[in-house]
Amino acid sequence: VTGVQTCALPIFIGWLLLGAGWHSALMTAIAVLIITCPCALGLAVPAVQVVASGKLFRAGIMIKDGAALEKLSGVDTVIFDKTGTLTQGAPELVSPKLLPADTLALAAGLAQASLHPLSRALVRHATTCGITASTLDDVAEHPGAGLSARWKGREVRLGSRAWCGLAEAPHDEGLLEFSFKVEGQQPVLFAFQDALRADAAETVASLQAAGLDVHMLSGDREAAVRRVAQATGITHVMARATPQAKLAFVEALGAAGKKVLMVGDGINDAPALAAGYTSMAPSSASDIGRTAAETVFMGHSLAAVAFARDIGRRSQRLARENFALAIGYNVLAVPIAMAGLASPLIAAVAMSTSSIIVIANALRLGLVKVPSFAQAPAMGDTGATPQIERKAA
């Protein structure tokens, strides 16, 4: 505003010094004052952000931070978590098919004390079989190992192979697994598999075709991670990655000048989500995962990641165009008004027209077709999708 007034005052004085009457000088100054009103410049970015946010919302993608659109446009590296991100996060027990009811009841009784996805899958399986979970005493959690409890004076354990005294398999099939052991009995190995998100491979391919580096970080075993990597076409993978390792990896890429989009869903992904240049999480993510992410997408389609980046790039291009239009308008219109060739009425029409042009240019983003994944069923309605293993953490 100060700049506009500073521009109009010298014009008024200048026309007076040139011998024009005060009325003509005042009308010229008013015309300059009106025609240089920075409405178009002020609308250049907000108009685009409003249209872009609306477009993403209709596609089931929620932007929590206005800066996320700009960040998405500059992303050159995408990192995916595996379980719950590339896969649907709904593991199903596949082995053993037949198990004594009392063993399953004990395992479910210990599993129900945990929020771990595999524990919940085991409890679901027991419920489906009509088995009531046993009540156990002294339930305790051991980070990085599993759970323990007491049952009729004997210790029961649920967790990793090593925790339950089970040797590593000579041939790892890449299935998700954990073990259960009752003191004095042989351990039982539970194996699980998870469905890959239906368009995970297609999304990864589209991102790679756009020139982005795609990585996968997972806390799972090497074989489990490689199995999903082969199914999705991801070549850069890290297995057995702790939350600290994921965070360090993202920070290292950032320090190297990479603009990382971190996509994850679990508690273990939260530090990496916060450390990324920008981040996304599915609506099925943990509370802390959704809080750490700048963008949240609904449904089970991973294509939302590519679509959000595309809208981010389009919005930044339109914002730059709007700036050019607004500046170009002032470059052309202001000299005309300063020369006394535009009345206040013409100046008002020109100023309004420039704002309309900027808004109309932003509305072009609304012509982008919302992809079909926006009408896809929510998580849980998985349909027929390829089966891939489910991770433990």
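Just so we're clear, the structure is a prediction, and the values are computed from it rather than from any experiment. (Residues numbered from 1 in each chain as written. Predicted model: local features only at pLDDT ≥ 70, side-chain atom pairs only at ≥ 80, totals over all residues. Heavy atoms only, no water.)

**A few points about the overall build of the chain**
Line of reasoning, step 1. Looking only at helices and strands, the chain has 14 helices and 14 strands in total.
Line of reasoning, step 2. Taking 2.2 N^0.38 as the reference for a compact globule, 393 residues should give roughly 21 Å; the C-alpha atoms of the chain span a radius of gyration of 30 Å, well beyond that estimate.
Line of reasoning, step 3. Expressed as lengths along the three principal axes of its C-alpha atoms, the size of the chain is roughly 110 × 40 × 35 Å.
Line of reasoning, step 4. Of the roughly 18300 Å² of accessible surface on the chain, a fraction of 61% belongs to carbon and sulfur atoms.
Line of reasoning, step 5. For the chain, the separation between the mean place of its 32 positive charges and that of its 30 negative charges on side chains is 5 Å. (Helix = DSSP H or I, 4+ residues; strand = E, 2+ residues; numbered from the N terminus. Rg over C-alpha atoms; globule rule 2.2 N^0.38 Å. Areas by Shrake-Rupley, 256 points an atom, 1.4 Å probe, with all protein chains shown as cover. Lys, Arg positive; Asp, Glu negative; His and termini not counted. Charge placed at Lys NZ, Arg CZ, Asp CG, Glu CD.)

**Looking at the pairing of strand β2 (residues 77-81)**
Line of reasoning, step 1. Burial within β2 is extensive, with 5 of its 5 residues counted as buried.
Line of reasoning, step 2. Pairing of β2 with strand β9 (residues 213-217) involves 5 bridges; the strand directions are parallel. Looking at β9, one finds that Thr77 is bridged to Asp213.
Line of reasoning, step 3. Judged from the 4 bridges that link them, β2 and strand β11 (residues 260-263) form a sheet pairing that is parallel. Note on β11: the bridge partner recorded for Val78 is Leu261. (Buried < 20%, exposed > 50% of the residue type's maximum accessible area, 1.4 Å probe, protein only. Pairing = 2+ DSSP bridges.)

**Notes on the sheet that holds β9**
Line of reasoning, step 1. An order of β1-β13-β12-β11-β2-β9-β10 is seen for the 7 strands of this open sheet, with the pairing classed as mixed. Two strands lie at the open edges of the sheet, namely β1 (61-63) and β10 (236-238), each paired on one side alone. Neighbour-to-neighbour, the strand axes of the sheet open up by a mean angle of 20°, direction not taken into account.
Line of reasoning, step 2. Note: strand β12 (residues 278-282) against strand β13 (residues 295-297), 3 bridges, orientation parallel. Among the inter-strand pairings, Pro282 is bridged to a residue of β13, identified as Phe297.
Line of reasoning, step 3. Sitting on the sheet, helix α10 (residues 243-255) touches β2, β9, β10 and β11, and the angle it makes with β2 is about 175°. (Axes fitted to C-alpha atoms, helices over the stretch in contact; angles between N-to-C directions. Contact = heavy atoms within 4.5 Å.)

**Some words on the nonpolar core**
Line of reasoning, step 1. Formed by 39 residues in total, the largest nonpolar core has its most connected members in Phe80, Leu86 and Val305.
Line of reasoning, step 2. At the level of elements, α3 (39-58), α4 (67-74), β2, α8 (200-209), β9, α9 (222-232), β11 and α13 (303-338) are the ones that each hand at least two residues to this core.
Line of reasoning, step 3. By residue number, the principal contributor to this core is α13, which donates 6 residues.
Line of reasoning, step 4. Membership of the second largest hydrophobic core comes to 24 residues, among which are Leu110, Leu147, Leu176 and Val188. (Core = buried A, V, L, I, M, F, W, Y, C linked by side-chain atoms within 4.5 Å.)

**Let's talk about the side chain of Asn322**
Line of reasoning, step 1. Within the secondary structure, Asn322 sits in helix α13.
Line of reasoning, step 2. Here Asn322 is in contact with Ala44, Val48, Val358, Asn361 and Ala362, once residues within four sequence places are set aside.

**Focus on the pattern of salt bridges**
Line of reasoning, step 1. For the structure on display, the rule yields 11 salt bridges.
Line of reasoning, step 2. The salt bridge involving Lys246 is made with Asp81; its shortest N-O contact spans 3.3 Å. One end of the pair, Lys246, is in helix α10; the other, Asp81, is in strand β2, and 165 residues separate them in sequence. (Salt bridge = Lys/Arg side-chain N within 4 Å of Asp/Glu carboxyl O.)

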